[in-house]
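Report on the structure
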Amino acid sequence: MNHARRNLLLQALLVFVVALLPRLVGSGHFLTADEKQWVGRGVEFVRALREFRFNDTLQTTHPGIPTLWISGLTSSVVARLGHQPFSFDVLLPFLVASRIPIAVLNSLLVAGVFVAARPLIGREVALLGALAIALDPFLIGHSKIVHVDALLAGFTALSLLLLLRAEAGDRTGRAETWALPASAVTGALAILSKLPGLI
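Everything in this summary refers to the structure shown in the same document. Quick caveat: nothing in here was measured; it's all calculated off a predicted structure. (Residues numbered from 1 in each chain as written. Predicted model: local features only at pLDDT ≥ 70, side-chain atom pairs only at ≥ 80, totals over all residues. Heavy atoms only, no water.)

Here we look at the pattern of salt bridges
Which entries qualify depends on this criterion: Within this document, salt bridges are pairs made up of a side-chain nitrogen of Lys or Arg and a carboxyl oxygen of Asp or Glu, the two lying within 4 Å of each other. Here a strand is any run of E in DSSP of at least two residues, a helix any run of H or I of at least four, and the numbering for each starts at the N terminus. Each residue's exposure class comes from its accessible area (1.4 Å probe, protein chains only) as a fraction of the maximum for that residue type: buried when under 20%, exposed when over 50%, partly exposed otherwise.
On inspection of all chains with the given rule, the structure shows seven salt bridges. When the shortest N-O distance is used, the salt bridge between Glu35 and Arg99 registers 2.5 Å. Pair noted here: Glu35 is in helix H2 (residues 35–50) and Arg99 is in helix H4 (residues 91–121), with a separation of 64 residues, a long-range link. Glu35 gets classed as buried once you look at its relative accessible area, which sits at 0%. Using a relative accessible area of 1% as the deciding quantity, one classes Arg99 as buried. Arg53 serves as the salt-bridge partner of Glu51, at 2.7 Å between the closest nitrogen and oxygen. Taking relative accessible area as the criterion, Glu51 reaches 43% and is therefore assigned partly exposed. Via salt bridges that share partners, Glu51, Arg53 and Asp56 belong to a single interconnected network.

As C-alpha cells, this is what we get:
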C-alpha cells in the first residue's frame, strides 16, 4: 500500500471513529416513538422471508428495507443467543442490539462521504465537512436510532458525490468507471430506505 492510500485510509478511519463514538454513547438510555414499530417490523420482515410469505414483507410504505434487514437480522441473533423470542414486553435488548449496526452503517456512510468528496473539493475541505457531519447533533440523534431518515441522507449524499466522481474522473482526467455503479447502488439503497431517495 503506497503512502497516499495509507493516509486516505487513516483519515477515513479517523472520520469513522469520530462519527461512531457519539452514535454509540447512551444507546440504551432512551426510546423514540417509532423505534418500537421498526424493530417489530424488522422481526416480521425476516420471519416473512424465512416462511416464503413475500407479500408480507411489505411492512410499511417507506419502504425502509435496509432498516428492516438490520433490525430483523439483529433481533433474530439476539433471540437465538438469549433463548428469548422477540416480544414488545422485553424490547430493550432487541432495540439496543439493533441500534449498534445502524450506528456503524451511518458512521461508515460519513467516512464514505469523506472519501468520495476528497478528490472533488480537496482533503482539508472534505475532512472538515465530514467531521461537521460526524459531529452534528441533529444527525447524531437521527443516526443512532432504528429508523430510516439518517440512512436516506447518508446513501443519498454518497450517491450524489459518487455520481460527481464518475463525471469528473480522477486527477489524471481518466474516467473512474467504478464510481457510476457505486453511485447507482447507493442511490438504490437511498430509495429503498425512503422514497425521497428518488431525488
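A look at helix H5 (residues 123–135)
Rules: A helix is expected to reach a length of 1.5 Å times the quantity of its residues less one. Here the arc refers to the directions that run from the helix axis out to each C-beta atom.
An ideal rise of 1.5 Å per residue puts 18 Å on 13 residues; H5 measures up with 18 Å between its terminal C-alpha atoms. Every buried residue belonging to H5 is among Ala126, Leu127, Ala130 and Ala134, and all of these are buried. On an axial view of H5, the arc spanned by its buried residues comes to 100°, and they lie on one face.

Here we look at the layout of surface pockets
Threshold: Using protein atoms alone on a 1 Å grid, points that fit a 1.4 Å probe yet trap it form a cavity, whereas open point sets bounded by protein on both sides within 12 Å along at least five of seven lines form a pocket; residues with an atom within 4 Å of a point count as lining. Grid points are joined across faces, edges and corners, and a volume is the space filled by probe spheres set on the points. Amino acids outside the nonpolar list (Ala, Val, Leu, Ile, Met, Phe, Trp, Tyr, Cys, Pro) and the charged list (Asp, Glu, Lys, Arg) are all regarded as polar, and Gly is one of them.
Space inside the second largest pocket adds up to approximately 180 Å³. Every residue along the wall of the second largest pocket is listed here: Val43, Val46, Arg47, Arg50, Glu51, Gly72, Ser75, Ser76, Ala79, Arg80, Pro85 and Phe86. Secondary-structure elements contributing two or more residues to the lining of the second largest pocket are H2 and helix H3 (65–82). By residue number, the principal contributor to the lining of the second largest pocket is H3, which donates five residues. Across the lining of the second largest pocket, the residue classes tally to five nonpolar, three polar and four charged.

Observations concerning the environment of Thr60
Basically, it comes down to this: A contact between two residues is defined here by any heavy atoms of the two lying within 4.5 Å.
One can find Thr60 in the loop between H2 and H3. Each C-alpha atom, one on Thr60 and one on Leu189, is 16 Å from the other, the two residues being 129 residues apart in sequence. Look past the residues within four positions of Thr60 in its chain and what remains in contact with it is Trp38 and Arg41.

Focus: the packing of aromatic side chains
This is how the line gets drawn: Planes of paired rings set the category: under 30 degrees apart is stacked, over 60 is edge-to-face and the rest tilted, where pairs are Phe, Tyr or Trp rings (Trp by its six-membered ring) whose centres lie within 6.5 Å.
Enumeration over the complete set of coordinates arrives at four aromatic pairs. Ring geometry for Phe52 versus Phe54: centroids 6.1 Å apart, planes at 75°, classification edge-to-face. Overall, Phe52 belongs to the exposed group, its relative accessible area being 64%. Taken together, a centroid distance of 5.1 Å and an interplanar angle of 75° make the contact between Phe86 and Phe88 edge-to-face. Take Phe86: its relative accessible area is 19%, and that puts it in the buried class.

So, the nonpolar core
For the record, the criterion: For our purposes a nonpolar core is just a set of buried Ala, Val, Leu, Ile, Met, Phe, Trp, Tyr and Cys residues, chained together by side-chain atoms within 4.5 Å.
With 26 residues, the main nonpolar core has Val15, Phe114 and Leu158 as its most contacted residues. Mapped onto this core, the elements with two or more residues apiece are helix H1 (3–24), H4, H5 and helix H7 (149–168). Sort the elements by how many residues they give to this core and H4 lands first, with nine residues. Residues within four places of Leu158 in sequence aside, it is in contact with Leu109, Gly112, Val113, Ala116 and Thr186. Grouped together as the second largest cluster of nonpolar side chains are 15 residues, Trp38, Phe86, Phe94 and Val146 included.

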